[in-house]
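Understanding the architecture of this molecule
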Amino acid sequence: MMLENMARRGLVVFACLVILVLGLSAAAAPLIAPHSPDEVDLSQKFAPASLEHPLGCDHLGRDVLSRLLYGARVSMGSVAAIAGFILVLGFAVGVTAGFLGGKVDSALMRVCDVFLTFPTFILAMFMVGVLGTGIVNVILAVSLTHWAWYARIIRSLALSLKNREYVLAARVSGSGRMKTAWLHILPPIFAQLVILATLDIGHMMMHVSGLSFLGLGVAPPTPEWGVMISDARQFVWTHPELIMYPGLMIFITVMAFNLLGDAMRDALDPALQEAAH
Amino acid sequence: MLYYILKRLALLVPILLAVSLVVFLILRLGQGDPAMSYLRLSGIPPTDEALAVARTELGLNRPLPVQYLDWLGKAARLDFGRSYVTKNPVLEEILYYLPNTLVLAGFSLFLTLAASLPLGVISAMEKDRLPDQLVRGLSFFGVSIPNFFLGFLLVWVFSIKLRWLPSLGMGGLSHMILPAATMSLMSLCINARLIRANMLENLHSRYALYARARGLSEASVVGRHVLANSLIPVVTAVGMHVGELFGGAVVAESIFAWPGVGRYAVSAIYNRDYPVMQCFILIMTLLFVVMNLGVDILYAWLDPRIRLQGETS
């Protein structure tokens with residue numbers, strides 16, 4: 001047990017380090033990338049790894065390492081935007097429905113039902129198809145297809161907290177409605193929300209890159225990991241490493257967020273388990 | 001039970017109406033101009049007159065509610081219009097490709113259930129021992145790997161290095177294995193985790209204790225009582241997996257050149273072939289809703305607590 005706990009703690013530290021490194025390289029990509037990500041040099045087509053190009057070059061002679069670093073920007077940036085969008089929308093709708101109850105509640109929940117009726121990825125595809133490709137539309141599509149689930153969970157959290165003894169005790173001792181909500185109900189909801197979002201970040205990232213992979217996301221010259229896999233797909237027989245690098249980047253990033261989310265949930269377990277079922 | 005089914009069927013109508021409204025609104029509020037796409041794909045130069053004619057022809061100059069009702073009425077009569085590209089009725093084209101996708105999705109679902117059941121059970125029975133650690137490791141790997149990367153990884157290992165399985169097209173069972181594995185790994189892992197968690201919970205439940213106290217063998221306690229109860233929540237999870245499988249099918253069809261409806265829809269999106277896009281999302285959502293309804297009914301039938309509640313309320 002102790003050994004396992006230590007191993008788990010080690011994994012969590014590893015996950016935090018991975019996220020930190022990715023965040024830093026996303027922020028500092030222009031400073032640390034050895035080349036411009038869009039610099040085409042056909043004489044370097046499929047160049048093997050070298051000091052000049054640590055991970056070699058792709059089919060247009062672009063430096064793979066630089067593209068991966070800039071790709072971290074797109075992936076981390078878009079996921080951060082999506083998570084922010086969903087948190088705000090889900091929080092607003094869920095808390096409103098949970099607190100006001102009655103007609104407002106049922107109306108808001110029916111809207112959520114409708115959004116939950118669609119298969120998520122298919123709806124995101126359709127939205128991008130109608131709105132057009134590009135990072136902003138991808139962020140919009142993935143956010144709009146995911147928020148309803150959050151609103152639902154936040155609503156049930158708000159409902160279950162609203163009548164807890166400690167909240168009633170605060171009300172009885174003279175705390176006003178707004179003050180009680182602000183001090184005693186919103187903070188625990190928000191904590192749960194952050195855990196949920198962390199657990200879901202991998203999923204969002206896969207949707208963003210998956211759309212890009214299909215050619216329905218970030219437009220091709222932009223260095224994005226899904227786009228890089230899509231660019232390299234025709235060379236899978238001759239240069240599989242061009243698929244492996246961006247694929248491993250997505251895999252490691254998703255894994256790091258999943259590890260972190262699991263650890264956070266384990267640390268703050270009970271309320272979430274109740275609300276999710 | 002019959003009452004429950006009827007109630008659920010009745011609830012389907014407003015939900016599908018709302019779905020159609022959302023699809024219609026996305027289509028009309030999007031920045032794309034259907035008339036423009038129509039002309040481009042028909043090879044007509046988009047002059048102002050041509051656009052005006054196309055708008056009248058497509059009914060785009062009427063008020064939105066009228067357009068919606070007209071569109072809905074046609075959809076109810078299964079008339080989804082004609083593809084801008086091929087000029088064939090859209091529904092016919094979708095139904096031509098749909099069976100290929102359903103075969104693939106069905107096989108993936110089978111794979112998900114057939115593999116996750118033994119994995120989940122072994123993992124729970126051998127908790128904290130090596131088999132459990134292996135299964136947990138695998139499921140952690142499985143939920144973190146994106147399907148579009150997994151597909152190429154499988155191609156690289158099984159088609160290029162080992163030369164065991166074909167990497168493209170549709171044929172016998174061998175053509176189905178790699179795309180189905182691509183689609184099902186994630187739901188398989190989620191399912192194995194779910195079965196494990198349910199098993200562990202039920203193994204320590206009071207009824208399991210009671211069964212043991214009655215002197216039943218551990219095999220009988222687990223096999224007859226714990227397992228049966230642990231599988232009920234899996235039924236609900238299947239409904240969720242179907243949504244993921246539809247999304248995964250689009251990706252897998254694209255990687256493995258599987259002639260399914262997902263690949264067809266992606267090319268329709270490239271072409272901005274609006275009638276195909278809207279028919280695709282409506283059909284896939286309808287299938288998803290119907291599958292979930294089936295799952296809910298099955299769940300109610302399996303779980304007397306819900307079945308009886310449905311009758312009293």
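Conventions and cut-offs
- Per-chain numbering applies: the sequence of each chain, read as written, is numbered from 1 onward.
- To label them, take the chains in the order written and letter them from A, then take the ligands in the order written and number them from 1.
- Confidence filtering applies because this is a predicted model: local features only for residues at pLDDT of at least 70, side-chain atom pairs given and counted only at 80 or more, and all residues used for totals across whole chains, interfaces and linings.
- The numbering of helices and of strands both runs from the N terminus, where a helix is a DSSP run of H or I of at least 4 residues and a strand a run of E of at least 2.
- Backbone-placed C-beta atoms define the burial measure: a residue is buried with 20 or more other C-beta atoms within 10 Å of its own, exposed with 12 or fewer, and partly exposed in between.
- Whether two residues are in contact depends on their C-beta atoms, placed from the backbone: they are in contact if these lie within 7 Å.
- Here the expected length of a helix is defined as 1.5 Å per residue gap, with one fewer gap than residues.
- Residue classes follow a fixed rule: Ala, Val, Leu, Ile, Met, Phe, Trp, Tyr, Cys and Pro count as nonpolar, while Asp, Glu, Lys and Arg count as charged, and any other residue, Gly among them, counts as polar.
- Connectivity within a nonpolar core runs through C-beta atoms within 7 Å, and the core itself is a set of buried Ala, Val, Leu, Ile, Met, Phe, Trp, Tyr and Cys residues.
- The angle between two axes is taken between their N-to-C directions and runs from 0 to 180 degrees, where each axis is a line fitted to C-alpha atoms and a helix contributes only its stretch in contact.
- Crossing handedness is read from the near helix: turned anticlockwise from the far helix by less than a right angle, it gives a left-handed crossing, and turned clockwise, a right-handed one.
- A score between 0 and 100, pLDDT records how confident the predictor is in each residue.

**A few points about the overall build of chain A**
Counting its regular elements, chain A contains 10 helices and 0 strands. Listed by position from the N terminus, the elements making up chain A come as α-α-α-α-α-α-α-α-α-α. Each of the 277 residues in chain A was classed as buried or not, and the buried ones make up 45%. Relative to all contacts within chain A whose residues are 6 or more apart in sequence, the contacts with residues 24 or more apart total 68%.

**Brief notes about the overall build of chain B**
For chain B, the count of helices and strands is 13 helices and 0 strands. When the helices and strands of chain B are placed in sequence order, the string is α-α-α-α-α-α-α-α-α-α-α-α-α. Along the three orthogonal principal directions, the C-alpha set of chain B runs to about 85 × 60 × 30 Å. A burial count over chain B gives 36% of its 313 residues as buried.

**Focus on helix α1 (residues 2–29) of chain B**
The first and last C-alpha atoms of α1 of chain B sit 41 Å apart over 28 residues, in line with the 40 Å expected at 1.5 Å per residue. Those residues of α1 of chain B that fall on the buried side of the exposure criterion are V19, S20, V22, V23, I26 and L27 of chain B. Close packing links the buried residues of α1 of chain B with α3 (102–117) and α4 (120–131) of chain A together with α4 (64–76) and α12 (274–302) of chain B.

**Overview of the interface of chain A and chain B**
Across the contact, 37 residues belong to chain A and 34 residues belong to chain B. Mapped by element, the contributors of at least two residues to the side of chain A that touches chain B are α3, α4, α7 (177–213), α8 (225–232) and α9 (241–267) of chain A. Considering every element that reaches the side of chain A that touches chain B, the biggest residue donor is α4 of chain A, with 10 residues. Class assignment for the residues of the side of chain A that touches chain B results in 24 nonpolar, 11 polar and 2 charged.

**A look at the nonpolar core**
Core analysis: the largest hydrophobic core is formed by 142 residues, its most contacted members being M125 of chain A together with A265 and F280 of chain B. In contact with M125 of chain A, not counting residues within four places along its chain, are L211 and L216 of chain A together with V250 and I269 of chain B.

**A word on the environment of V103 of chain B**
Along the chain, V103 of chain B turns up in helix α5 (residues 90–125). The sequence separation of V103 of chain B and A180 of chain B amounts to 77 residues, and the corresponding C-alpha distance is 9.8 Å.

**A word on the packing of α7 of chain A against α8 of chain A**
Residues and elements named next belong to chain A. Contact pair α7 / α8: the axes reach a minimum separation of 7 Å and the direction vectors enclose 35 degrees. Considering how the two elements wind past one another, α7 and α8 form a crossing that is right-handed. Residue-level inspection shows S209, G210, S212 and F213 of α7 in contact with α8, the latter providing W225, G226, V227, I229 and S230. A class-by-class count of the residues in the contact of α7 with α8 yields 4 nonpolar, 5 polar and no charged.

**What to know about unusual backbone geometry**
Residues and elements named next belong to chain B. Phi at L78 is positive, roughly 60 degrees, even though this residue is not glycine. Assignment of secondary structure puts L78 in the loop between α4 and α5. Although it is not a glycine, D128 sits at a positive phi angle of roughly 70 degrees. When you line up the elements, D128 lands in the loop between α5 and α6 (130–144). With 11 C-beta atoms packed within 10 Å, D128 lands in the exposed category.

**Considering the confidence of the model for chain B**
Residues and elements named next belong to chain B. Mean pLDDT for chain B: 85, with 96% of residues reaching 70 or above. Within chain B, the lowest mean pLDDT, 62, falls on helix α13 (residues 304–312), and the highest, 91, falls on α5. Among the prediction metrics, the complex's ipTM stands at 0.85, with pTM recorded as 0.86.

**Some words on helix α11 (residues 261–271) of chain B**
For α11 of chain B, the tally of buried residues reaches 8 of 11 residues, placing the bulk of the element in the interior. Within the span of α11 of chain B, buried status applies to V261, G262, R263, Y264, A265, V266, A268 and I269 of chain B. Where the residues of α11 of chain B are buried, they touch α4 of chain A together with α5, α10 (218–255) and α12 of chain B. One or two residues past the end of α11 of chain B sits R272 of chain B, with phi positive at roughly 55 degrees.

**Topic: the confidence of the model for chain A**
Residue and element names in this part refer to chain A. Residues with a pLDDT of 70 or more make up 94% of chain A, whose mean pLDDT is 83. Ranking the elements of chain A by mean pLDDT puts helix α10 (residues 270–276) last, at 46, and α4 first, at 90. Ignoring residues within four places in sequence, the model shows residues 272–277, a span with pLDDT below 50, making 9 contacts including any to other chains.

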